[in-house]
Amino acid sequence: MGTKNDQEELLDLKILAYLKKLGPEYAKLLAIRLGLSLEESTERLRRLAARGLIKRVEGRIVKYYHRRRKSVKHRNHTYYDLTREGELLLREARGKVDIHIDIEYPSR
């Protein structure tokens, strides 16, 4: 069984993988989809941003690009997206741990 730090790092990697797979997201929906509390989701996003692994999405419109769907949403929340550093960390981690997530783009 992994240590608490290992489990926390794995959860952070899952958040990065989620953002890579589904694009920009906000804390509340991320909490719902990953089974976290809103407080934990918000804190994790804040820490990942402080580490330079994610960034706040600027502007009033959020564009989602997904292999099956492209959509545009007016921004009502603070969205976060992966940075280049986050992508590199995710790529490096993929060879070491299984961070596959079974979440698909939501149907509307």
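Here, every reference points to the structure presented above.
Since we're looking at a predicted model, the values are computed, not measured.

Chemist: Teacher, can you tell me more about the pattern of salt bridges here?
Modeler: Where side chains of opposite charge bring their charged atoms close, a pairing between them can arise. For the structure shown, the criterion picks out 7 salt bridges. For Lys20, the salt bridge goes to Glu87, with nearest N and O atoms at 3.4 Å. Here Lys20 is found in helix H1 (residues 4-22), whereas its partner Glu87 is found in helix H4 (residues 84-94), with 67 residues between them in sequence. In this structure Lys20 comes out as partly exposed when scored by relative accessible area, which is 43%.

Chemist: Where do I start with the packing of helix H2 (residues 27-34) against helix H3 (residues 38-50) in this structure?
Modeler: Helix-helix packing is described using two parameters, namely the angle between the two axes and the distance between the axes. For the pair H2 and H3, interaxial distance at closest approach is 8 Å and the crossing angle is 115 degrees. The way H2 lies across H3 gives a crossing that is right-handed. Where H2 approaches H3, its residues Ala27, Lys28, Leu30 and Ala31 are matched on the opposing element by Leu38, Ser41, Thr42 and Leu45. By residue class, the composition of the contact of H2 with H3 is 5 nonpolar, 2 polar and 1 charged.

Chemist: Whenever I open this one, the nonpolar core confuses me. Can you help?
Modeler: One recurring pattern in soluble globular proteins is that nonpolar side chains are buried together. Ile15, Leu16, Leu45, Leu48 and Ile54 are the most contacted members of the largest nonpolar core, which has 17 residues in total. Mapped onto this core, the elements with two or more residues apiece are H1, H2, H3, strand S5 (79-82) and H4. When residues in this core are grouped by element, the largest group, 7 residues, is from H1. Here Leu45 is in contact with Ile15, Ala27, Leu30, Ile54 and Tyr80, once residues within four sequence places are set aside.

Chemist: Is there a simple way to think about the environment of Leu38 in this case?
Modeler: Looking at the secondary structure, you find Leu38 in helix H3. What makes Leu38 partly exposed here is its relative accessible area of 42%. Once you skip the residues sitting within four places of it in the chain, Leu38 turns out to touch Ala27, Lys28 and Ala31.

Calculation notes
- Residues numbered from 1 in each chain as written.
- Predicted model: local features only at pLDDT ≥ 70, side-chain atom pairs only at ≥ 80, totals over all residues.
- Heavy atoms only, no water.
- Salt bridge = Lys/Arg side-chain N within 4 Å of Asp/Glu carboxyl O.
- Helix = DSSP H or I, 4+ residues; strand = E, 2+ residues; numbered from the N terminus.
- Buried < 20%, exposed > 50% of the residue type's maximum accessible area, 1.4 Å probe, protein only.
- Axes fitted to C-alpha atoms, helices over the stretch in contact; angles between N-to-C directions.
- Left-handed = near helix turned anticlockwise from the far one by under 90°.
- Contact = heavy atoms within 4.5 Å.
- Nonpolar A, V, L, I, M, F, W, Y, C, P; charged D, E, K, R; others polar.
- Core = buried A, V, L, I, M, F, W, Y, C linked by side-chain atoms within 4.5 Å.

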